[in-house]
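Structural overview
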Amino acid sequence: WYEYDAEHDHILGPVDIPPFVIKYNYNKSYIIVQQDPQGRNPDAIYDKIDYKYPAGNDKVYYWIIDKTNNSYYGPVLYADFLKKCREKKINLTFD
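Read on for an overview of the structure. Since the structure is predicted, the reported quantities are computational estimates derived from the model, not experimental observations.

**Digging into the pattern of salt bridges**
Enumeration according to the criterion identifies one salt bridge in this entry. Lys-84 is the salt-bridge partner of Glu-87, the closest N and O atoms lying 3.4 Å from each other. On the criterion of helical spacing, the pair formed by Glu-87 and Lys-84 is a turn pair, its members being three residues apart in helix H1 (residues 78–88). For Glu-87, a relative accessible area of 48% puts it in the partly exposed group.

**A look at the pairing of strand S4 (residues 30–35)**
Within a regular beta strand, the side chains point alternately toward one face of the sheet and then the other, so they alternate between its two faces. Among the six residues of S4, six are classified as buried, and the element is accordingly described as predominantly covered. Along S4, one buried face is formed by Tyr-30, Ile-32 and Gln-34 and the opposite face, lined by Ile-31, Val-33 and Gln-35, is buried too. As paired elements, strand S3 (residues 21–26) and S4 share five bridges and run antiparallel to each other. Within S4, the residue paired with Val-21 across the bridge is Gln-35. Hairpin connection of S3 to S4: three residues between the antiparallel strands. Note: S4 against strand S5 (residues 61–66), six bridges, orientation antiparallel. When the bridges of S5 are listed, Gln-35 appears paired with Tyr-61.

**Thoughts on the nonpolar core**
Residues Ile-11, Val-15, Ile-17, Val-21, Ile-31, Val-33, Tyr-51, Tyr-53, Tyr-61, Trp-63 and Ile-65 constitute the largest nonpolar core, which totals eleven residues. Counting only elements with at least two residues in this core, the list comes to S4 and S5. Filtering out sequence-adjacent residues up to four positions away, Ile-17 remains in contact with His-10, Ile-11, Val-33, Gln-35, Trp-63 and Ile-65.

**Observations regarding unusual backbone geometry**
In this chain, Pro-19 is followed by Phe-20 through a cis amide linkage whose omega measures -5°. Tracing the chain through its elements places Phe-20 in the loop between strand S2 (10–12) and S3. Even without glycine at this site, Asn-70 takes up a positive phi of about 55°. Along the polypeptide, Asn-70 turns up in the loop between S5 and strand S6 (71–76). Of note, Lys-89 is a non-glycine position whose phi angle comes to about 55°, a positive value. The residue Lys-89 is located in the segment after H1 in this model. A relative accessible area of 67% means that Lys-89 is categorised as exposed.

**Looking at the sheet that holds S5**
Judged by pairing direction, the sheet is antiparallel, and its four strands sit side by side in the order S3-S4-S5-S6 without closing on themselves. Unpaired on one side and paired on the other, S3 and S6 mark the two borders of the sheet. Strand-to-strand twist across the sheet, computed as the mean angle between neighbouring axes with direction ignored, equals 15°. Each of S4, S5 and S6 touches H1; the most contacted strand, S5, lies at about 25° to it.

Cut-offs and rules
- Residues numbered from 1 in each chain as written.
- Predicted model: local features only at pLDDT ≥ 70, side-chain atom pairs only at ≥ 80, totals over all residues.
- Heavy atoms only, no water.
- Salt bridge = Lys/Arg side-chain N within 4 Å of Asp/Glu carboxyl O.
- Helix = DSSP H or I, 4+ residues; strand = E, 2+ residues; numbered from the N terminus.
- Buried < 20%, exposed > 50% of the residue type's maximum accessible area, 1.4 Å probe, protein only.
- Pairing = 2+ DSSP bridges.
- Core = buried A, V, L, I, M, F, W, Y, C linked by side-chain atoms within 4.5 Å.
- Contact = heavy atoms within 4.5 Å.
- Axes fitted to C-alpha atoms, helices over the stretch in contact; angles between N-to-C directions.

Below, the structure is given as structure tokens:
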């Protein structure tokens, strides 16, 4: 199960996406997420993972959650996100 927590702007489930979730979309196999980590509490621990933001906290990042095996890809920048979506044939958008 996955759930968007609007009060805290994050996604909860077997893989947690920390605040701030800007947009998300999903189908039966995947969830795609657009996230801005700037406003998150740097001391908070989400899913016991210390998320590393490769270009710093002042960028927008993207995530792919594979619901079939509760794995994730991210945080990554948009170009890497698009490449992975093409590789996995994920036909979801943020519209």
